[in-house]
2 protein chains.
Amino acid sequence: MSAPLVPTEPAAADAAPAATGDDDDVVDPFNVTSASSTGINYDRLIVKFGSTAITEDMVARLERVTNMRAHPWIRRGIFFSHRDLGSILDHVERGGRMYLYTGRGPSSEALHLGHLVPFMFTKYLQDAFKCPLVIQLTDDEKFLWKDHSLAETYRLGKENCKDIIACGFDISRTFIFSDYEYVGHMYPNIVRIQKTFTYSTIKAAFGFSDSDNVGKHAFPAVQAAPSFSSSFPHIFGADERVPCLIPCAIDQDPYFRLTRDAAPKLGFLKPALVHSKFFPSLHGFGTKMSASDESSAIYVTDTPKQIRDKIVKYAFSGGRDSVEEHRRLGANLAVDVPFAYLTFFLFDDERLERIRAEYSSGRMLTGEIKAELVGVLQPLVAAHQRARLAATDEAVRTFMSVRKLDV
Amino acid sequence: MSAPLVPTEPAAADAAPAATGDDDDVVDPFNVTSASSTGINYDRLIVKFGSTAITEDMVARLERVTNMRAHPWIRRGIFFSHRDLGSILDHVERGGRMYLYTGRGPSSEALHLGHLVPFMFTKYLQDAFKCPLVIQLTDDEKFLWKDHSLAETYRLGKENCKDIIACGFDISRTFIFSDYEYVGHMYPNIVRIQKTFTYSTIKAAFGFSDSDNVGKHAFPAVQAAPSFSSSFPHIFGADERVPCLIPCAIDQDPYFRLTRDAAPKLGFLKPALVHSKFFPSLHGFGTKMSASDESSAIYVTDTPKQIRDKIVKYAFSGGRDSVEEHRRLGANLAVDVPFAYLTFFLFDDERLERIRAEYSSGRMLTGEIKAELVGVLQPLVAAHQRARLAATDEAVRTFMSVRKLDV
């Protein structure tokens, strides 16, 4: 590919350099923790992972190439980092075809709002690029890592599939697959990739110990394989050089750093990536959404009343202790969860800016912000629930069938 | 299952105890070496591996249950060790069904005589038990371990399949599969097995290091999976409790010790095993047949002249240095390769016994034994070559198609 128009990382920069300084953040596929009340330091993470910040120039270029207003999440810095996005845009500008790949580990029945983020953004990318999309349900991963039966993770994958379909993907361009069902089709690529991964390498990337099961050693290649178009002959035929763009949360980057290292050894293209920040827990940036604590997240199955109650009772506020103090100092937006949620789900830029100004200056109070958020999320969740109901078993079968797609 | 009629190993004996004493033999799937000119000490190996010697009583019982004269190789102690063979005979005696599983790693085009041993014996077992048989071509294994391309190991598997078919298997009862093609069907069982294998366990069994590729860590579960009938729903339907008997060379035992450890954790039956000794190199028991030294083995592709020349020139003899000394002392059968080959391929018991007596007493000379062996192997190899020519691409497709079998 020719040189991208905006700076991207140097070719050899995929390997994450050792962290330096007082960095207490841990970000890998199995752990995301920050000691700070403002959460992960993403600027530092870009340096640590050797990825590239998404600049305003890159966003403008994305809009020109796709001839579409960019999604608020990339304009607002929620999708904040990338690898080789410029190369993908070069390729598309020259009339080349590409595809999207994202996934989900089906470990729970109900998705929370954070789970929707990669899918809603991927839906935008599919509309913008009008390209095929493959979505991997890593039921095998959840079986290998969690105390779930194989049948249960398979069932959860099928359930989650309905939530994914509800995000509005183009049925003529989208293939959703369970690893249990589809791995056989990718197996030659999986062993090719496994042959390039030494145990030293994956141990360093994922922190495995000798008492871990060996399925975990095998799995990174299973997540890597869909990055290569030859894993989908029913979509791409014999074309092994269709470039792939992967939208994902930044914690998945270690998988794809390894994938990108493997690609040239196999004669395949390195996948490009766009990374999102994490969607915060209701309890605050330094905490985790947890399936065992329902008050930590808003689920796509929540009723309007549950949504309102959770926001009013549990959403961590950056508002001040007294109205007087709040009027004087304004809210601390860096730790305010309701405002963070609005930056995700209030898509009206002007209204969001007005709220930012009013709240940070103390003219708006926490209760008003929370009411605003309730007014945004109740209809959003209700719309998701309607769309999910419309996702029939027949639709699941179609999305998950090995078939030709529009390319 | 009820208690077998003959002693088998205690339930917890699968784990190999640490070797004791002056044991220089190394036997695992990747290394078989002995410092002794008489080769591996198999009595010691039974103790080391915790398997059970096949007794005359067991052979007699096998004959009663199958209502067929036992194969010379089990009567002659070439298949010398087992795990739970008695339980299989109990089960068959009660009218239960069972199946056979064996395999081949396709790393070379032409098979040598040693490669035929498990298949010829399995052919006898299939005739005796009139049962389904699955044969795994571990093309993935050879790709992961050797400097072969994936396409090459796949091609070699297909080529080797013709040699396997030439051994005379019942097409209505035999399923031969390439891992590349069939792994997807077994993948749920493979991840179930992988979840029970810690890295510590497989490292101890196979001696992996951190610089080995992780495909090697994944593979033992791939070789284990065909031991369980649920890996073949097209043959056994929903019956997950059809017991499996695995004929194999003893070096494969570490795979199946692990498999037997995993079975009860998964609610599956432990596979039973019958183990063979190794077929010696033409150069002697302490040496190895090697693809890079054609004189070390007789190949199923060899011409009558090549067979005669190799035996005459290269077969290591236990005959004495001079005729006089030979007449006085007799041949040393413990190191004599032509006689060892006759114990494999001269199926006429009386004739073999006569040769043993004549040769060990010095009445027969090395040249006569070698001539006898030439007379046995030339027609055997020619018959194999004819049978292989008769194995069409169509036959390969049928044997390798996922289909119902007679059970």
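Cut-offs and rules
Residues numbered from 1 in each chain as written. Chains lettered and ligands numbered in written order. Predicted model: local features only at pLDDT ≥ 70, side-chain atom pairs only at ≥ 80, totals over all residues. Heavy atoms only, no water. Buried < 20%, exposed > 50% of the residue type's maximum accessible area, 1.4 Å probe, protein only. Helix = DSSP H or I, 4+ residues; strand = E, 2+ residues; numbered from the N terminus. Polar contact = N/O pair within 3.5 Å; in protein donor to acceptor, adjacent residues only side chain to side chain. Axes fitted to C-alpha atoms, helices over the stretch in contact; angles between N-to-C directions. Parallel < 35°, antiparallel > 145°, perpendicular 65-115°, else oblique. Contact = heavy atoms within 4.5 Å. Nonpolar A, V, L, I, M, F, W, Y, C, P; charged D, E, K, R; others polar. Least-squares fit on C-alpha atoms with pLDDT ≥ 70 in both. Buried area = accessible area lost by both parts, 1.4 Å probe. Salt bridge = Lys/Arg side-chain N within 4 Å of Asp/Glu carboxyl O. Pairing = 2+ DSSP bridges. Phe/Tyr/Trp six-rings, centres within 6.5 Å; stacked < 30°, edge-to-face > 60°. Lys NZ or Arg CZ within 6 Å of the ring centre and 35° of its normal. Core = buried A, V, L, I, M, F, W, Y, C linked by side-chain atoms within 4.5 Å. Expected span 1.5 Å × (residues − 1). Right-handed = clockwise from strand over helix to strand, strands pointing away.

Looking at helix 10 (residues 214-224) of chain A
Residues and elements named next belong to chain A.
Part 1 of the reasoning: When you tally the buried positions in helix 10, you get 11 out of 11 residues, the bulk of the element.
Part 2 of the reasoning: Turning to helix 10, its buried residues number three or more, namely V214, G215, K216, H217, A218, F219, P220, A221, V222, Q223 and A224.
Part 3 of the reasoning: With a side-chain oxygen positioned 2.9 Å from the backbone nitrogen of G215, the residue opening helix 10 is N213.

Observations regarding the packing of helix 8 (residues 179-196) of chain B against helix 10 (residues 214-224) of chain B
All names here are of chain B.
Part 1 of the reasoning: Contact pair helix 8 / helix 10: the axes reach a minimum separation of 8 Å and the direction vectors enclose 100°. The angle between helix 8 and helix 10 falls in the class roughly perpendicular. Contacts between helix 8 and helix 10 pair D179, V183, M186, I190, I193 and Q194 from the former with A218, F219, A221, V222 and A224 from the latter.
Part 2 of the reasoning: Looking at side-chain class alone, the contact of helix 8 with helix 10 contains nine nonpolar, one polar and one charged residues.

Re the relation of the copies chain A and chain B
Part 1 of the reasoning: The transformation that overlays chain A on chain B combines an axial shift of 0.0 Å with a rotation of 180°, and the residual RMSD is 0.0 Å. What we have between these two chains is a two-fold relation. The position closest to the rotation axis in chain A is occupied by the C-alpha of G184 of chain A, lying 1.7 Å away.

A closer look at the interface of chain A and chain B
Part 1 of the reasoning: Taken together, the contact between chain A and chain B spans 31 residues of the former and 31 residues of the latter.
Part 2 of the reasoning: Summing both partners gives a buried area of about 2,700 Å² for chain A against chain B, and 66% of it is carried by carbon and sulfur.
Part 3 of the reasoning: Inspection of the region where chain A meets chain B yields two salt bridges.
Part 4 of the reasoning: A salt bridge links K203 of chain B to D210 of chain A, with the shortest nitrogen-to-oxygen separation between them at 2.7 Å.
Part 5 of the reasoning: Our enumeration of links across chain A and chain B arrives at 17 residue pairs in polar contact (both at pLDDT 80 or more).
Part 6 of the reasoning: Listed by contribution, the elements that provide at least two residues to the side of chain A that touches chain B are helix 6 (139-145), helix 8 (179-196), helix 9 (199-206) and helix 10 of chain A.
Part 7 of the reasoning: Per-element tally for the side of chain A that touches chain B: the top contributor is helix 8 of chain A, with 10 residues.
Part 8 of the reasoning: Its residues assigned to classes, the side of chain A that touches chain B comprises 14 nonpolar, nine polar and eight charged.

A word on the sheet that holds strand 3 (residues 52-53) of chain A
Residues and elements named next belong to chain A.
Part 1 of the reasoning: The mixed open sheet is built from seven strands, whose spatial order is 3-4-9-8-5-6-7. Edge positions in the open sheet fall to strand 3 and strand 7 (174-178), since each of these has one partner strand only.
Part 2 of the reasoning: Note that strand 5 (residues 99-104) and strand 6 (residues 133-137) share five bridges and pair parallel. The partner of Y101 across the bridge, within strand 6, is V134.
Part 3 of the reasoning: Running over the sheet, helix 1 (residues 42-49) touches strand 3 and strand 4 (79-83) and is turned about 10° from strand 4.

Here's the deal with the packing of aromatic side chains
Part 1 of the reasoning: Counting across every chain of the model gives 63 aromatic pairs over all chains.
Part 2 of the reasoning: Judged by centre distance (5.0 Å) and plane angle (15°), the ring pair of F30 of chain A and W145 of chain A falls under stacked. With a gap of 115 residues between them, F30 of chain A in the loop between strand 1 (26-28) and strand 2 (31-33) and W145 of chain A in helix 6 connect regions that are remote in the sequence.
Part 3 of the reasoning: Using a relative accessible area of 25% as the deciding quantity, one classes F30 of chain A as partly exposed.
Part 4 of the reasoning: Geometrically, the ring pair formed by F177 of chain B and Y182 of chain B is tilted, given 5.0 Å between the ring centres and 50° between the ring planes.
Part 5 of the reasoning: Exposure remark for Y182 of chain B: the relative accessible area of 2% places this residue in the buried category.
Part 6 of the reasoning: Aromatic ring contacts, followed pair by pair, group F30, W145, F206, F208, F219 and Y255 of chain A into a single cluster.
Part 7 of the reasoning: Above the plane of the ring of F49 of chain A lies R257 of chain A, whose end atom (NZ or CZ) is 4.5 Å from the centre.

Describing the nonpolar core
Part 1 of the reasoning: Membership of the largest hydrophobic core comes to 86 residues, with the highest contact counts inside it found for F232 of chain A together with F232 of chain B.
Part 2 of the reasoning: Excluding anything up to four places from it in sequence, F232 of chain B contacts Y99, V134, F175, F177, Y182, M186, P226 and G237 of chain B.

Concerning helix 7 (residues 150-165) of chain A
Part 1 of the reasoning: The end-to-end C-alpha distance of helix 7 of chain A, which contains 16 residues, comes to 23 Å, matching closely the 22 Å that a straight helix rising 1.5 Å per residue would cover.
Part 2 of the reasoning: Among the residues of helix 7 of chain A, those classed as buried are L150, T153, L156, G157, N160, C161, K162, D163, I164 and I165 of chain A.

Remarks on the sheet that holds strand 5 (residues 99-104) of chain B
All names here are of chain B.
Part 1 of the reasoning: Strand order in the open sheet made by the seven strands is 3-4-9-8-5-6-7, with mixed pairing throughout. Looking at strand neighbours, the two that pair on one side only are strand 3 (52-53) and strand 7 (174-178), the edges of this open sheet.
Part 2 of the reasoning: The sheet contact formed by strand 6 (residues 133-137) and strand 7 spans five bridges and is parallel. What sits directly across from I135, in strand 7, is I176.
Part 3 of the reasoning: Of the strands in this sheet, strand 3 and strand 4 (79-83) are in contact with helix 1 (residues 42-49), which crosses strand 4 at around 10°.
Part 4 of the reasoning: Across the sheet, helix 8 lies against strand 6 and strand 7, angled at about 105° from strand 7, the strand it touches most.

Things to note about the environment of E93 of chain A
Residue and element names in this part refer to chain A.
Part 1 of the reasoning: Looking at the element boundaries, E93 is found in helix 4 (residues 85-93).
Part 2 of the reasoning: Take E93: its relative accessible area is 49%, and that puts it in the partly exposed class.
Part 3 of the reasoning: C-alpha of E93 to C-alpha of C131: the two residues are 38 residues apart in sequence and 14 Å apart in space.
Part 4 of the reasoning: Setting aside residues no more than four positions away along its own chain, E93 makes contact with R61 and V65.
Part 5 of the reasoning: A distance of 2.9 Å separates the side chain of E93 from the side chain of R61, its partner in a polar contact.

Considering the pairing of strand 8 (residues 244-249) of chain B
Residue and element names in this part refer to chain B.
Part 1 of the reasoning: Burial of strand 8 is extensive: five of the six residues sit out of reach of the surface.
Part 2 of the reasoning: Note that strand 5 and strand 8 share two bridges and pair parallel. Looking at strand 8, one finds that L100 is bridged to L245.
Part 3 of the reasoning: Crossover connection from strand 8 via helix 12 (residues 253-266) to parallel strand 9 (residues 272-276): handedness right-handed.

Considering the pairing of strand 6 of chain A
Part 1 of the reasoning: With five of five residues buried, strand 6 of chain A lies mostly within the body of the structure.
Part 2 of the reasoning: For the crossover from strand 5 of chain A across helix 5 (residues 113-129) of chain A to strand 6 of chain A, the handedness is right-handed.

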